[in-house]
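Summary of the model geometry
Okay, here's what each chain looks like letter by letter:
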Amino acid sequence: MKYTFIESAELDNLSEGNSTRLKRILVDYTLRMSYYDTAVKLAESSNIQQDLVDIDVFLEAKKVVDALQKKEVAPALAWCAENKSRLKKTKSKFDFQLRLQEFIELVRAENNMRAITYARKYLAPWGATHMKELQRVVATLAFKSNTECPIYKDPPHSALEIS
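Residues numbered from 1 in each chain as written. Predicted model: local features only at pLDDT ≥ 70, side-chain atom pairs only at ≥ 80, totals over all residues. Heavy atoms only, no water.

**Details of the packing of aromatic side chains**
Rules: When the centres of two rings from Phe, Tyr and Trp lie within 6.5 Å, Trp using its six-membered ring, the rings pair. Their planes under 30 degrees apart give stacked, over 60 give edge-to-face, and anything left gives tilted. Only runs of H or I of at least four residues qualify as helices and only runs of E of at least two qualify as strands under DSSP, and these elements are numbered from the N terminus.
Evaluation of the coordinates by the stated rule reveals three aromatic pairs. The interplanar angle of 45 degrees and the centroid separation of 5.1 Å between the aromatic rings of F96 and W126 together place this pair among those described as tilted. Taken together, the residues span a long stretch of sequence, with F96 in helix α6 (residues 94-108) and W126 in the loop between α7 (112-123) and α8 (127-138) at a distance of 30 residues.

Have a look at this one:
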């Protein structure tokens, strides 16, 4: 996406404050629409100060999302550790879902002993609040994808499919 349209928006007619505000809004919009390179170039060319826009936050989020798309949860778990208090305040299940995803990947790789050890260490603490989801996922150890049991015939491919 090119940002040459900004020059044609007659920003010269706007006051300096309004012009900066408009550019900040455009940078924010391009970040939210995943046009990261465009946002960085616009911020740089407009001399928008780093503290006026959240480019670093969005780039960090992009790294986490990219890793999750590759089924790598380590960057997301690191982010959860850094933001633990905020996640707890909002009653987020994100870290729990990440742990479930790691467990699912271990089961899918048929690494059952590691999956059991992992469940004991990382999933057991969630038992009091998420027992139903835990039971469903842990049962994938016993019911493989070729089972006749309809509930487990198609095991969850990701933690988001469980609920």
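**Considerations on a nonpolar patch on the surface**
Our working definition: Surface patches are defined over residues having more than 30% relative accessible area and no salt bridge, joining like charges when they lie within 9 Å and nonpolar side chains (Val, Leu, Ile, Met, Phe, Trp, Tyr) when within 5 Å. All accessibility values rest on the Shrake-Rupley procedure with a 1.4 Å probe; residue burial counts only the protein chains present in the view. For this analysis, a salt bridge means a side-chain nitrogen from Lys or Arg found within 4 Å of a carboxyl oxygen belonging to Asp or Glu.
Among the surface-exposed residues, Y29, M33 and Y35 lie close enough to one another that they form a single nonpolar patch of about 310 Å² accessible area. With respect to the helices, strands and loops of the structure, Y29 is situated in helix α1 (residues 16-32).

**A look at the pattern of salt bridges**
For clarity, the threshold we go by: Under the scheme applied here, a residue whose accessible area is under 20% of the maximum for its type counts as buried, over 50% as exposed, and between as partly exposed, the area being computed with a 1.4 Å probe on protein chains only.
Counted by the stated rule, this structure contains five salt bridges. In this structure, R99 and E102 form a salt bridge, with 3.7 Å as the shortest nitrogen-oxygen distance. Here E102 and R99 lie together in helix α6, a separation of three residues that amounts to about one turn. Assessed through its relative accessible area of 25%, E102 is described here as partly exposed.

**Description of helix α4 (residues 74-82)**
As a reminder of what qualifies: Note: the arc covers the axis-to-C-beta directions of the helix. In what follows, residue pairs with any heavy atoms lying within 4.5 Å of each other are defined as contacts.
Every buried residue of α4 is listed here: A76, L77 and C80. Buried residues of α4, viewed axially, fall in a sector of 100 degrees; they line one side. In α4, the exposed residues that point more than 90 degrees away from the buried face are A74, A81 and E82. Those residues of α4 hidden inside the fold are in contact with α3 (55-69), α5 (84-89) and α6.

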